[in-house]
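# A structural walkthrough
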Amino acid sequence: MEASGWIQLAIFLIALALITKPMGLYLMQVLDPNGRTFLDPVLRPLERATYRAMGVTPNEDHTWKQYTLAMLLFSLVGCVFTYAILRLQNLLPLNPQGFTAVNTDLAFNTAASFTTNTNWQNYGGESTLSYFSQMVGLTFHNFVSAATGIAISGALVRAIAWHSAKTIGNFWVDLVRVTYYLLLPVCLVLAVFLVSQGMIQNFKPYAKATLVEPMKVQVEKKNERGETIKDASGKAVTEEQTVTKQNIVQGPMASQVAIKMLGTNGGGYVNANAAHPFENPTPLSNFLQMLSIFAIGSGLTYYLGRMVKNQKHGWTVWAAMVILFLGGVLLCWWAESSGNPIHQHLGVAAVDGNMEGKEVRFGIFNSALFATVTTDASCGAVNSMHDSFTALGGFVPLFNIQLGEIIIGGVGAGLYGMLVFVVLAVFIAGLMVGRTPEYLGKKIEAYDVKMAMLSLLILAISILGFAAWAIVSKWGLAGLNNNGPHGLSEILYAFSSGAGNNGSAFAGLSGNTPWYNTTLGLDMLFGRFLMIVPIMALAGSLVQKKVAPPSAGTFPVHGGTFLILLLGTVLLIGALNFLPALTLGPIVEQFLMQGGKLF
Amino acid sequence: MTQKPASLFDWNIVGPAIGDAFKKLNPRLMVKNPVMFVTMVGAALTTVGIFTADSALRSFVAQLAIWLWFTVLFANFAEAVAEGRGKAQAASLRRARKETMARRLRNGREEKVPAPILHKGDLVVCEAGDIIPADGDVVEGIASVDEAAITGESAPVIRESGGDRSAVTGGTRVLSDRIVIRVTADKGAGFLDKMIALVEGARRQKTPNEIALTILLAALTFIFLLVCVTLKPFGIYSGAAFSIPVLVALLVCLIPTTIGGLLSAIGIAGMDRVLQRNVLAMSGRAVEAAGDVDVLLLDKTGTITLGNRMAVGFHPAPGVESNDLAASAQLSSLADETPEGRSIVVLAKEKFGLRAREMHELEATFVPFTAQTRMSGVDLHANGAQPTMRVRKGAAEAVRGFVESAGGMFPQSVAKTVDEISHRGGTPLVVASDMITLGTIELKDVVKGGIKERFAQLRKMGIKTVMITGDNPLTAAAIAAEAGVDDFMAEATPEQKLKRIRHEQAEGHLVAMTGDGTNDAPALAQADVGVAMNTGTQAAREAGNMVDLDSNPTKLLDIVEIGKQMLITRGSLTTFSIANDVAKYFAIIPAMLMATFPEIAPLNIMHLHSPTSAILSAVIFNALIIIALIPLALRGVAYKPMGALAILQRNLLIYGFGGLVVPFIGIKLIDLIITALHLG
């Protein structure tokens, strides 16, 4: 854990703190139908034209049911749209590589994945998808699924800030404004910047390079479905190939990477994601990509404080997130720096730590930081292979996701997930001070507790239910390339990543099978939409409540005591559910590794 | 009925409670408490497991089963003890409900019927010696009534038709005279019946916060159930075949059994504490709402002040000696039996050594106060029928009229003194003798000792106090300042009270008030917590949601504290229960994995003896903590009036941090003991 790492961590935190307020203030304008931004002269006419085309009356607010229904319908249509594009990509333009249509289960999985802002990829982008599929089918969702998350969190915050009302804003207006005023302009700037760092942006067919030194490789034999052929003992059949030429990926990468980070989508243009030199060319691009993952989620906490007229509350929520983030970074960094005793027995210098699966360009600190950032937020982009982390190092991303992606979190999703814990913390603390619990003056009653707990329940059911099914079913075990606790971690990670809408993977799992495509697709849909419905019901209940003025009898929802309370609630209620399963996975694996066993 | 709370483990209560704990195992009762129901199902599964377990593990599984059953029984026992204590209270209430014969009036004729068949609207007659058969309103006559059966107060009280003292309670005894009562409650719906049901827990309905908490606990239980069920397949994959009893042990330790087991006991004990304060509450909801109240409307008289104004000074008019003023003032008050009048006599004696004279010696007749004259005084008859001298005291305006009609002058300086006294919050009474204005007596309200400190505490708790008085704004402001209330309402009419309550509620406040008269009924009904005085009218009692048997308006403050204490106890034990999970996790999880992955031994940070002793210790701790916390649940968490943040910090430290640490120690100790006894 060298000094340069500490300095970079400090710079990252300072930069994060600095962008939070401006982003929050900008969100105040974006999430207000009458908000003003410097882009109005350009975008207002476009915004109005969009409403006319959609038949939306911008000042007509929705009740929570209308809002939720609009969001669900929009997502359903978007999901079907993407499914259709993937199934028909061989007939559609911009397919210079001549890729065939995506098969049904993979198309379902991918459509669900991008609709839910997960971007779990059971395929290699450069070897499966046409430019059209990437740009229209997927990048479209990268924008609107991010905008949907931000809209939902905006609606929830409004529900907390407003009182004695029935409506919580207009979904279409939120969706359009977030896309036009926030995501598109910021991505434009970010993409241009990434191009300046060396990222590609073109429509050329893939370049072919002749290798200076031809090499022989053992590759797994695949059938026409793209599945690995296995021998009688279940091992993949391999064949030797001599490689003389290399395909070098091309395409409109920068535009997709900008929104992939800013919108916490995480789906890589190429399979290697942000570890690929094109997708992450320089240390600066690495830093900015990490910062842009957190930018909107962090700004939303400021937006919360501003909206409820208690800026300290916003900062306290931010602080809780940042403390959990720091805990993760430090543990992961420490575990990776400590390395693997087995490597050390083999002569790897202990000081090098665990470099397996990491880019030498990024090293241990930036890999650990990126892994923590991408799993705290439900981004899922990776610049190193989490599967190759030490058991404890890999525990951190897994744990982050299982907390419910609330540490800064996916755009919007992080805030509304954290607010569920805030409501629960307020409920328990409120009882402890002897009053019906109040959150910013609103009484937290049975219905609100029910909806908050329902959303936690859905997360636990999606993760544990599917993982338990996978771990004892032949379909689930078929995808495992590792045995022992590491195999369990891989399955647990896959379904956590799906339900948490993260999209990163413990790469040892072969997910492109009909069973995994289907279950993971459902897992992602449950984790997104079944979570949102109770949260919106909570919003609908909160917005109707009267506000009791604060007094000495109401405890403050800011400051150290509330911070401790919130952290305690997150860790006790959010984490204890997964600890038994985690013990059988990464925790046991860590002890076994120290005992000299690997999986 | 005012009685000391039974000691926590009175054998008369504990004995039957043990039996009740078993009776409560009825699944139809258990299912109301999801946490304990799941525990009971787990205990049953483990019991079955005894017969299917390996012979080597049979003793372990049997012990597990025993302790799981104990967990359920301890929770039932807690509830039974709380109910038992309530029943002890209720028994004394019920003694007042002896079957009596009522003398019902029907078509003007009296007939004897058993009290239980009386209906709302029936008229009954009660004479000296009769027990009043049902709650009702006096519609005819006046009587002194012994209410000791319900209030414990031996002095009889007057009950009369009309006015504000018309309500009578079934079970009390008429001592003198004859009254006709209109029955206002059917059998079983009277105050006593409701309260008996509440403290016995029979018809106790869950309060809103209790329902919300039950949902939280049920959801946590469901999540942990899911955790344990899915752990089975995870274990199969890992080569660790977890047995059902072990998974049940983990489940029971993780679900919040501590608060789940004590939740209803806390509620019943809270109602019991309300009753010990001699307050009848119509529902648990009302008591809980009292904890939320942040605006108290308090009647000045009786709550903030001692009820009576006292004379504190004489201010003579120009050219009049203080002595003469005092003498006349005393003279005018000799026969005035009001507390104010008596205080004038006393003050004259104290200040000027004037002895009270006898009226008949002076051949004086008393002229009582009337609403028309707004004066009282004496007429002196030297030797004849015609009064030779008329001495009056009264409101300045009234006396001015009296003096001027006699041809005298009302001095400007007296008017000025009157104003000054009013400004100070006092009440000026002007004394005149025929046409001469003698001066002014200053009367003052005496604020109760300690009340200012109490209001300061309330302010710290975030509760605003509003004084309600019929006084003029000047007087009210002065008393409000002296008593330290936050606000006051002067010249308050019942309509204004109602308006004020609605206004506060519209701003999001919860309002409590006390009242007694029929004209208070709308305000009592509108208030979130309305405490009616037992001396009040039946209308007021019906409108409020609590009745204070002692008719002591200060009681409202106690009720607020009990309401808060109930919530605090629930919240604190919930925190404690959830925090306990960490230690149990460290006890059970390593024990479950030890056989398959011996490398995990360092996770056994408590160094528990063996896997079986570790699991047993956690389960035993989980059961015993319920018993250990029963006294706390019944007594309630200590409550001191202070700011919310301070309370939160204190309880977080004790029950949150304590909840993390205590089980580590407890489980380790139990492990040492069962290891020494070779049980593990």
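Now for a look at the structure at hand.

Cut-offs and rules
Residues numbered from 1 in each chain as written. Chains lettered and ligands numbered in written order. Predicted model: local features only at pLDDT ≥ 70, side-chain atom pairs only at ≥ 80, totals over all residues. Heavy atoms only, no water. Helix = DSSP H or I, 4+ residues; strand = E, 2+ residues; numbered from the N terminus. Rg over C-alpha atoms; globule rule 2.2 N^0.38 Å. Buried < 20%, exposed > 50% of the residue type's maximum accessible area, 1.4 Å probe, protein only. Contact = heavy atoms within 4.5 Å. Areas by Shrake-Rupley, 256 points an atom, 1.4 Å probe, with all protein chains shown as cover. Lys, Arg positive; Asp, Glu negative; His and termini not counted. Charge placed at Lys NZ, Arg CZ, Asp CG, Glu CD. Pairing = 2+ DSSP bridges. Axes fitted to C-alpha atoms, helices over the stretch in contact; angles between N-to-C directions. Salt bridge = Lys/Arg side-chain N within 4 Å of Asp/Glu carboxyl O. Phe/Tyr/Trp six-rings, centres within 6.5 Å; stacked < 30°, edge-to-face > 60°. Buried area = accessible area lost by both parts, 1.4 Å probe. Polar contact = N/O pair within 3.5 Å; in protein donor to acceptor, adjacent residues only side chain to side chain. Nonpolar A, V, L, I, M, F, W, Y, C, P; charged D, E, K, R; others polar. Parallel < 35°, antiparallel > 145°, perpendicular 65-115°, else oblique. Left-handed = near helix turned anticlockwise from the far one by under 90°. Core = buried A, V, L, I, M, F, W, Y, C linked by side-chain atoms within 4.5 Å. Expected span 1.5 Å × (residues − 1). Bend = angle between axes of the 7 residues up to and from the residue.

## Re the overall build of chain B
Tallying secondary structure elements over chain B gives 23 helices and 21 strands in all. In summary, chain B has a C-alpha radius of gyration of 34 Å against a globular reference of 26 Å for 680 residues, an excess of more than 25%. Referenced to the eigenvectors of the C-alpha coordinate spread, the extents of chain B come out at roughly 115 × 60 × 45 Å. Counting the 680 residues in chain B, one finds 57% classified as buried. Considering only residue pairs separated by 6 or more positions, chain B has 69% of its internal contacts joining residues 24 or more positions apart. For chain B, the computed accessible surface area is about 26,800 Å², with 59% contributed by carbon and sulfur atoms. Charged side chains in chain B number 66 positive and 66 negative. The centres of these two groups are separated by 6 Å.

## Some thoughts on the environment of Leu380(B)
Residues and elements named next belong to chain B. Inspection of the secondary structure assignment puts Leu380 in strand 13 (residues 375-380). With relative accessibility at 15%, the residue Leu380 sits in the buried group. Separated by 17 residues in the primary sequence, Leu380 and Glu363 place their C-alpha atoms 6.1 Å from one another. Those residues in contact with Leu380 that lie beyond four places of it in its chain are Leu331, Leu362, Glu363, Ala364, Pro387, Thr388 and Met389.

## Notes on the sheet that holds strand 9 (residues 279-281) of chain B
Residues and elements named next belong to chain B. Reading across from one edge, 9-21-20-19-10-17-18 is the order of the seven strands in this open sheet, with mixed pairing throughout. At either margin of the open sheet sits one strand with a lone partner, and together these are strand 9 and strand 18 (487-489). Within this sheet the neighbouring strands show an average axis-to-axis angle of 20 degrees, counted without direction. Of the pairings in the sheet, the one linking strand 9 to strand 21 (residues 546-548) comprises three bridges and is antiparallel in character. Bridging from a neighbouring strand, Val279 pairs with Asp548 of strand 21.

## Here's the deal with the environment of Gly595(A)
All names here are of chain A. Of note, Gly595 is situated in the segment after helix 20 (579-594). By relative accessible area, which is 58% here, Gly595 ends up exposed. Each C-alpha atom of the pair Gly595 and Ile342 lies 9.0 Å from the other, and the pair is 253 residues apart in sequence.

## Considerations on the side chain of Asp581(B)
As for its position among the elements, Asp581(B) is in helix 21 (residues 555-593). It turns out Asp581(B) is buried and unbridged, and the closest side chain with the opposite charge, Lys584(B), is 4.2 Å from it. Contacts of Asp581(B), omitting those with residues within four sequence positions, involve Leu576(A), Phe224(B), Cys253(B) and Leu254(B).

## Section: the packing of aromatic side chains
Residues and elements named next belong to chain B. Under the counting rule described, the total for this entry stands at 30 aromatic pairs over all chains. Arranged with centres 5.9 Å apart and planes meeting at 85 degrees, the rings of Tyr585 and Phe586 form a pair that is edge-to-face. Since its relative accessible area comes to 7%, Tyr585 is described here as buried. We classify Phe586 as partly exposed; its relative accessible area is 22%.

## Points about the interface of chain A and chain B
Counting residues at the interface gives 61 residues for chain A, matched by 61 residues for chain B. Overall, the association of chain A and chain B removes approximately 5,200 Å² of surface from exposure, summing both partners, and the carbon and sulfur fraction of that is 79%. Here chain A is connected to chain B by one salt bridge. Arg435(A) is paired through a salt bridge with Asp294(B); the nearest N and O atoms lie 4.0 Å apart. Where chain A packs against chain B, one counts 11 residue pairs in polar contact (both at pLDDT 80 or more). At the level of elements, helix 14 (413-432), helix 15 (446-472), helix 17 (484-499), helix 19 (560-575) and helix 20 of chain A are the ones that each hand at least two residues to the side of chain A that touches chain B. Of the residues forming the side of chain A that touches chain B, the biggest block, 14 residues, is contributed by helix 15 of chain A. When grouped by side-chain class, the residues that make up the side of chain A that touches chain B number 42 nonpolar, 13 polar and six charged.

## Description of the packing of helix 10 (residues 311-338) of chain A against helix 19 of chain A
All names here are of chain A. The N-to-C vectors of helix 10 and helix 19 enclose an angle of 50 degrees; their axes lie 10 Å apart at closest approach. Relative to helix 19, helix 10 is oriented oblique. Crossing of helix 10 against helix 19: the hand is right-handed. Counted together, His313, Thr316, Ala319, Ala320, Ile323 and Leu324 of helix 10 and Phe562, Leu563, Leu566, Leu567, Val570 and Leu571 of helix 19 form the full contact between these two elements. By residue class, the composition of the contact of helix 10 with helix 19 is 10 nonpolar, two polar and no charged.

## Here's the deal with unusual backbone geometry
In this structure, Asn119(A) is a non-glycine residue whose phi angle is positive, near 60 degrees. Looking at the element boundaries, Asn119(A) is found in the loop between helix 4 (104-115) and helix 5 (125-128). Of note in the backbone geometry, His607(B) takes a positive phi value of approximately 50 degrees without being a glycine. Here His607(B) is to be found in the loop between helix 21 and helix 22 (611-635). The exposure class of His607(B) is exposed, given its relative accessible area of 62%.

## Comments concerning the nonpolar core
Of all hydrophobic cores here, the largest spans 328 residues; its most connected members are Leu183(A) and Phe234(B). For this core, the leading source of residues is helix 21 of chain B, giving 21 residues. In terms of nonpolar packing, the next biggest core, distinct from the first, is built from 34 residues, Val378(B), Ala432(B), Ile441(B) and Leu443(B) among them.

## Some words on helix 9 (residues 257-276) of chain B
Residues and elements named next belong to chain B. If you check helix 9, its first and last C-alpha atoms are 29 Å apart, about what 20 residues at 1.5 Å a residue would give, namely 28 Å. The sharpest bend along helix 9 measures roughly 40 degrees and falls at Leu263. For helix 9, a buried count of 20 out of 20 residues is recorded, marking the element as mostly surrounded by other parts of the structure. The first or second residue beyond helix 9 is Asn278, which carries a positive phi of 70 degrees.

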